[in-house]
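Residue-level structural notes
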Amino acid sequence: MLDRVLLRNEPDKVREAAENKGEPCPIDEWLELDEKRHQLLTETEDLRKRRNELSKEVSSLKREGIKADGQIIESRDIGKRIGSIEKDLNVTYTRMSELELYFPNIPDTDVPIGRDETSNQIVKTVGEKPSFDHAPLPHWEILGGLLDQEASGSIAGSNFILLRGWAAWLQRTLISWMMDFNFRAGMEEIWLPFIANRESMTSTGQIPKLEYDMYHIEKDDLFLVPTGEVPLTNIYRDSILQEKDLPIKIFGYSPCFRREAGSYGKDTRGLNRVHQFEKVEMVRMVKPDNSEASLTEMTYHVGNMLELLGLSYRVSLLSTGDLSFAAAKCYDFEVWSAGQEKWLEVSSVSNFRDFQSRRGMIRYKPSGGGKPRYVHTLNGSGLALPRIMAALIENGQTESGKVALPKILAERTGIKVLG
RNA sequence: GGAGAGGUGGCCGAGUAUGGCUUAAGGCGUACGCCUGCUAAGCGUAUGAGAUUAUAUCUCCGAGGGUUCAAAUCCCUCCCUCUCCGCCA
């Protein structure tokens, strides 16, 4: 959500941001309503003021045992007028709040302007792509029956994952390693609910824009979380923190549920795009001045993880057209997948500035006193499992169809080769 | 699922029976000042949030409705928390 003062005073900025992000922008309707609201508000406040005065008069007259019929009649009349204006005001206000949920966040000034991912800026590329004496296979061929699509299909449907044997073991091992890595980096570990209510989904920005892509439990109006970002960020919804509590650095594991409606046929083989994937997510709440530095710090952290796993990767600064609705700036991490010969996105690290905190009313009280301020929120995957699995399996494959584990996992588990 | 008790400012907590001198007591915490020869104690002052029309006004006591001249207080609906019972990994 954007600041109302900004909407009111700099509508052009809002318009431009929406256009660069390729989002609709109902700012003109909003501005009209804002003016109307202002008028109605002034009117009711004057009336209320008068009614409060009358109330006091009635109360003191009654205490002295004097009749106050005149005041009561006037007040009754005012009450009716307030009632009718308020109805109008409510309609106006409700519509404005609705519209406000559709204004996308404004990209930072250093975000490249562009229509889609072709305008993303590759910031750096790290590590060597592995070379092979044989033609490397895609992960689904190496996995074979260990990726049991017949079973997952009959249990849930297409594009759900069922892993067997060492593939299942590898996933569990990776989750555990990632959790430990983040834990040792000093973040607080959180175990989360994997279901979130409508308010939570709205405050992080998945609703209303992406509601159709969420799994919804109608009976209870609850949603399966599309990312750990939702429960992690909403821990602090509607709260006022102390400045000394910041920065808050938390992480947690969650499965991520996405309907992926409308993405049929695109990159859907194997583990590339599925309805439920596992992810370890990091979230931070920081003072506004520190969010830029925090973003940088988080990208280093993610880069470290990929390097430890021995994966070559590249980092892109997303252009406005590829930037998500709620983000102000985002770096994507992609690892090289030798069997498919392409880059796979495994982490997004984003700064949301005060966009989510305003929706979710996450604030802090400055230690020098003064009004509560919105925190800045950031999040990043550390890391998303299926594509890490795919890359590790493809990049570590041997000619005999086995998979060599990266050193960090081999040392951790005592197992060097899978298969 | 059943029964009961609750939800009041950053936190704790009074106020609800009897609607109006509540602009929500008091405490904790925080900030500033004083005192103090020492990371303490004491004293004083300030301190809920939001809105624009800003030395002011209005709104907000879980959410939404209703009754009333007037609602934290009465009525209705819903949500959440706790305790006990039931069911269950």
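Scroll up for the structure.
Residues numbered from 1 in each chain as written. Chains lettered and ligands numbered in written order. Predicted model: local features only at pLDDT ≥ 70, side-chain atom pairs only at ≥ 80, totals over all residues. Heavy atoms only, no water.

On to the overall build of chain A. In terms of regular secondary structure, chain A is built from 13 helices and 16 strands. Here the C-alpha coordinates of chain A stretch approximately 100 × 45 × 40 Å along the principal axes. Sequence separation of 24 or more characterises 74% of the internal contacts of chain A that already satisfy a separation of 6 or more. Just so you have it, chain A exposes about 20700 Å², and 49% of that area is on carbon and sulfur atoms. Each charge class in chain A can be summarised by its mean position, and for the 55 positive and 63 negative side chains these summaries are 5 Å apart. (Helix = DSSP H or I, 4+ residues; strand = E, 2+ residues; numbered from the N terminus. Contact = heavy atoms within 4.5 Å. Areas by Shrake-Rupley, 256 points an atom, 1.4 Å probe, with all protein chains shown as cover. Lys, Arg positive; Asp, Glu negative; His and termini not counted. Charge placed at Lys NZ, Arg CZ, Asp CG, Glu CD.)

All right, on to the state of the cysteines then. Using the criterion set out here, one finds zero disulfides in the structure. The thiol sulfur of cysteine 330 is not disulfide-bonded, and the nearest other cysteine sulfur, from cysteine 256, lies at 15 Å. The class for cysteine 330 is buried, based on a relative accessible area of 4%. (Disulfide = S-S within 2.5 Å. Buried < 20%, exposed > 50% of the residue type's maximum accessible area, 1.4 Å probe, protein only.)

A few words now on the protein's contact with RNA strand B. If you check the shell around RNA strand B, you find 24 residues, and the closest are Arg8, His38, Glu45, Arg48 and Ser75. Take the atoms of RNA strand B that sit within 4 Å of the protein: sugar and phosphate atoms are 74% of them. Here isoleucine 72 contributes a backbone N or O atom positioned 3.5 Å from a sugar or linking oxygen of RNA strand B. Broken down by secondary-structure element, the contributors of at least two residues to the surface near RNA strand B are helix 3 (27–63), helix 4 (69–100), strand 6 (239–242) and strand 12 (362–365). Top element by residues in the surface near RNA strand B is helix 3. It accounts for 13 residues. The residue makeup of the surface near RNA strand B, split by class, is five nonpolar, eight polar and 11 charged. (Near = heavy atom within 4 Å. Polar contact = N/O pair within 3.5 Å; in protein donor to acceptor, adjacent residues only side chain to side chain. Nonpolar A, V, L, I, M, F, W, Y, C, P; charged D, E, K, R; others polar.)

Of the volumes computed, that of the second largest pocket is approximately 450 Å³. Lining the second largest pocket are 19 residues, with Lys13, Ile106, Pro107, Asp108 and Thr109 sitting closest to its centre. When residues in the lining of the second largest pocket are grouped by element, the largest group, four residues, is from helix 2 (residues 11–21). For the lining of the second largest pocket, the residue count by class is eight nonpolar, four polar and seven charged. Structurally, the lining of the second largest pocket is a two-domain feature, drawing no fewer than three residues from each of domain 1 (4–100) and domain 2 (117–418). (1 Å grid on protein atoms, 1.4 Å probe; cavity = no way out; pocket = protein on both sides within 12 Å on 5 of 7 lines; lining within 4 Å. Points joined across faces, edges and corners; volume = space filled by probe spheres on them. Domains from an automatic or database assignment.)

Within the open sheet, the three strands sit side by side as 6-12-13. Their pairing is mixed. This sheet does not close on itself; its edge strands, each paired only once, are strand 6 and strand 13 (373–374). Pairing between strand 12 and strand 13: two bridges, direction antiparallel. Note on strand 13: the bridge partner recorded for tyrosine 364 is arginine 373. (Pairing = 2+ DSSP bridges.)

Bringing helix 3 into the picture now. Given 3.6 residues per helical turn, the α-helix brings residues three or four places apart onto the same face. With 37 residues, helix 3 ought to run about 54 Å at 1.5 Å a step, and its terminal C-alpha atoms sit 52 Å apart, in line with that. For helix 3, the full list of buried residues reads Ile27, Trp30, Leu33, Asp34, Arg37, Leu40, Thr44, Leu47, Leu54, Val58 and Leu61. (Expected span 1.5 Å × (residues − 1).)

Time to look at the pattern of salt bridges. Here the structure, examined in full by the defined rule, presents 30 salt bridges. Here aspartate 108 makes a salt bridge to arginine 353, at a shortest N to O gap of 2.8 Å. Of this pair, aspartate 108 sits in the loop between helix 4 and strand 1 (121–126) while arginine 353 is found in strand 11 (residues 342–353), placing the two residues 245 residues apart along the sequence. Aspartate 108 gets classed as buried once you look at its relative accessible area, which sits at 11%. What makes arginine 353 partly exposed here is its relative accessible area of 23%. A salt bridge links arginine 412 to aspartate 180, with the shortest nitrogen-to-oxygen separation between them at 2.6 Å. (Salt bridge = Lys/Arg side-chain N within 4 Å of Asp/Glu carboxyl O.)

Here we take up the sheet that holds strand 5 (residues 222–224). Strand order across the open sheet formed by three strands is 3-5-4, with antiparallel pairing between neighbours. The open sheet has two edge strands, strand 3 (195–197) and strand 4 (216–217), and neither has a second partner. By the bridge criterion, three bridges tie strand 3 to strand 5 in an arrangement that is antiparallel. If you follow isoleucine 195 over to strand 5, its bridge partner there is leucine 224.

Our next topic: the side chain of aspartate 332. Of note, aspartate 332 is situated in strand 10 (residues 329–337). Put simply, aspartate 332 is tucked away with no salt bridge, and the nearest opposite charge, on arginine 387, sits 7.9 Å away. Side chain to side chain, aspartate 332 and serine 348 meet in a polar contact 2.6 Å long. Setting aside its immediate chain neighbours within four residues, aspartate 332 contacts Arg314, Val315, Ser316, Leu318, Glu345, Ser347 and Ser348.

Across its 18 residues, helix 10 (residues 291–308) extends 26 Å between first and last C-alpha, which sits within 8% of the 26 Å expected from 1.5 Å per residue. Listed in full, the buried residues belonging to helix 10 are Ser291, Ser294, Leu295, Met298, Thr299, His301, Val302, Gly303, Met305 and Leu306.

Let us look at the packing of aromatic side chains. Note on aromatic pairs: each is described by the distance of the centres and the angle between the planes. For the structure on display, the rule yields seven aromatic pairs. Geometrically, the ring pair formed by tryptophan 191 and tyrosine 253 is tilted, given 5.6 Å between the ring centres and 35° between the ring planes. Here tryptophan 191 is found in strand 2 (residues 188–191), whereas its partner tyrosine 253 is found in strand 7 (residues 248–257), with 62 residues between them in sequence. Judged by its relative accessible area of 60%, tryptophan 191 is exposed. Here the aromatic residues Trp191, Phe194 and Tyr253 are joined through ring pairs into a cluster of three or more. If you follow lysine 129 out to its NZ or CZ, it ends over the ring of tryptophan 336, 3.9 Å from the centre. One Lys or Arg, arginine 259, reaches over the ring of tyrosine 212 and ends 4.7 Å from the middle of that ring. (Phe/Tyr/Trp six-rings, centres within 6.5 Å; stacked < 30°, edge-to-face > 60°. Lys NZ or Arg CZ within 6 Å of the ring centre and 35° of its normal.)

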